[in-house]
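# Breakdown of the fold
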Amino acid sequence: MEVNLLLLATVITVFVYLYRLITKNNDYFHDKPIPSLKARPLLGSTGPLLLKQVTFADFVSYVYNKFPGVKVLGMFDTLTPFFVIRDPELIKQIAVKDFDHFMDHRPFFGESAESEEHPYALFKRVIFALNGQRWRNMRATLSPAFTGRKMRLMFTLMVDCSERMLKHYESLMSSTGRMEVEIKDMLSRYGINVIASCAFGIDVDCFKDVDHEFMYHGRRMLQMGNPVVIAKMLFMRMFPNLAKKSGMDVIPREQAVYFTKLIKETIRTRESQGIVRNDMIDLLLEARKGTLKYEEEREEVQEGFATVQESDVGKAQVTKAISEIDMIAQCLIFFIAGFESVSTTSMFMIYELILNPEIQQKLYEEVEQTYKQLGDKLLTYDALQSMKYMDMVVSETMRKWPLSPIGDRICVRDYTLDDGQGLRFTIDKGTCVWFPIHGLHHDPQYYPNPDRFDPERFNDQNKGNIKMGTYLPFGIGPRNCIGSRFALMELKAVMYHMLRKFSFHRSTNTRIPLKLRKGMNNVGTDEGMHVELRLRNS
């Protein structure tokens, strides 16, 4: 009996210790002059997200609207305190003016890799997983590859992918003039072709070869919702040093080996045969040689409203050459950050065009006008950039359907937040901030009738009234999305080509409203979207 009591006392002591350990920060916000969400043990305030009970967008809307009128509120993501910044002026202050205090993203995937001891641990070398000076160096190294001038050189590769896609579906519809497609799959295959051509310098056609190995490995690499990947992420967050020593990475080893071998072979072929293709491999080879420099546009060029501008960080001169392992890792940006985002945004845009046929017709008329101005020639980068209504529709799509519902930063040193109107407190080092992008994009204070799809918000008369800090599809500040020009170019190019040949219609299998996936994922659907394509003039 004494042994049992001793065992019971030990168990209770351990339980109490663990409970206090995981709840010790629960009163963190009590001495801050801001309201906060209730935190549950271990799960914090994000339990519904972690348990996949709600969509990420709905959760952010709930948090954003919980305390109307406040500028900042507190919450916990598991055990980490988060400050949710609702006020656009404070967002600008934190993300731009005082960027040095909030330089890094929260390390979801453990510590970034520095040595070459584990050559297949690629994900932690990708630019958005890097921190501190390593991120600064990589941003300055890569930024010259994503200027408008470099995008213009790469554009012909993208147009070729678009034209081949059209020919494939035109042949399938030659007898009936219409067909039902799962549009997300269609756009994903187009995206794979673009990535293969623009980033890896190889010719892939996933419409003809539906099981191409490039597509197989690309999709396998992107299974971030896979239980094994989630378990790895949790392990790397809880035991970062052990994960770092073991070379653990969220990218499966099979895919890391495949893409490493592919890129190395491409590099050897380019260097031995002197091949120049104006793709990302060429640009990264320039970076490795130290000859890739940031170039400003020589003349004013029209760019999409959503395009983010490079800061002084990206324009800095870099003296250290990029290593081959880092070069390989940066090619994966297109898969990790570009593949899913462009195909999903295109899907949402087509969904809205189906629901709003008058907008679809007006956009088609601009496409036809542009085609005639080109004299039946292939689409050019400058012609695409001059399409105002296309940019309006794309901008509104990304307002209503931002794929990243939040932006995050970690505080790297204690910071005194002061709004100049009486709100003043310390954001401690190691805590994080959230920018509730979805909430801002759907706030009627900034966008009247926010659930309505209205491209006129972004016409020449109205877009100047959009307050900075309330439209953030590509983030804000020096840590904004480096590939915004590439993503917008790809999105507009595929929509131009599709609208020129097809009209979009609801089919018997089109789900309205769309059912979004639940959990802490970028906004999207699990089951894609079925639509009917009809050939123009048929």
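Before reading further, recall that the structure is shown in the block above.
Residues numbered from 1 in each chain as written. Predicted model: local features only at pLDDT ≥ 70, side-chain atom pairs only at ≥ 80, totals over all residues. Heavy atoms only, no water.

### Digging into the sheet that holds strand S4 (residues 407-410)
Picture the strands of a sheet paired through backbone hydrogen bonds; they go either parallel or antiparallel. Taken together, four strands build an open sheet; the order of strands is S1-S2-S7-S4 and the sheet is mixed. Either end of the sheet is taken by a strand with one partner, and the two such strands are strand S1 (72-77) and S4. Going from strand to strand, the sheet's axes swing by 30 degrees on average, the running direction of each strand aside. Those strands touched by helix H3 (residues 56-66) are S1, strand S2 (80-85) and strand S7 (432-435), and its axis lies near 135 degrees from that of S1. Sheet contacts for helix H4 (residues 88-97): S1, S2 and S7; angle to S7, the most-contacted strand, approximately 130 degrees. (Pairing = 2+ DSSP bridges. Helix = DSSP H or I, 4+ residues; strand = E, 2+ residues; numbered from the N terminus. Axes fitted to C-alpha atoms, helices over the stretch in contact; angles between N-to-C directions. Contact = heavy atoms within 4.5 Å.)

### Details of empty space enclosed by the protein
For the structure on display, the rule yields five cavities of 30 Å³ or more. In this structure, the largest cavity encloses a volume near 80 Å³. Partitioning the lining of the largest cavity into residue classes produces five nonpolar, five polar and three charged. Counted as a void, the second largest cavity has a volume near 60 Å³. Elements represented by at least two residues in the lining of the second largest cavity include exactly helix H17 (381-385) and helix H20 (484-501). A class-by-class count of the residues in the lining of the second largest cavity yields three nonpolar, three polar and three charged. (1 Å grid on protein atoms, 1.4 Å probe; cavity = no way out; pocket = protein on both sides within 12 Å on 5 of 7 lines; lining within 4 Å. Points joined across faces, edges and corners; volume = space filled by probe spheres on them. Nonpolar A, V, L, I, M, F, W, Y, C, P; charged D, E, K, R; others polar.)

### Quick look at the nonpolar core
Membership of the largest hydrophobic core comes to 153 residues, with the highest contact counts inside it found for Ile-183, Phe-200 and Phe-214. Looking at which element gives the most residues to this core, the answer is helix H15 (residues 333-355), with twelve residues. Split by domain, the residues of this core number at least three in each of domain 1 (28-109 + 404-472) and domain 2 (117-401 + 486-537). Setting aside residues no more than four positions away along its own chain, Phe-214 makes contact with Ile-192, Ile-195, Ala-196, Phe-200, Ile-202, Val-204, Tyr-258, Phe-259, Leu-262 and Phe-335. By size, the runner-up hydrophobic cluster in this structure holds 14 residues, among which are Leu-37, Leu-49, Phe-56 and Val-84. (Core = buried A, V, L, I, M, F, W, Y, C linked by side-chain atoms within 4.5 Å. Buried < 20%, exposed > 50% of the residue type's maximum accessible area, 1.4 Å probe, protein only. Domains from an automatic or database assignment.)

As far as function goes, none of this settles anything; it's purely spatial.
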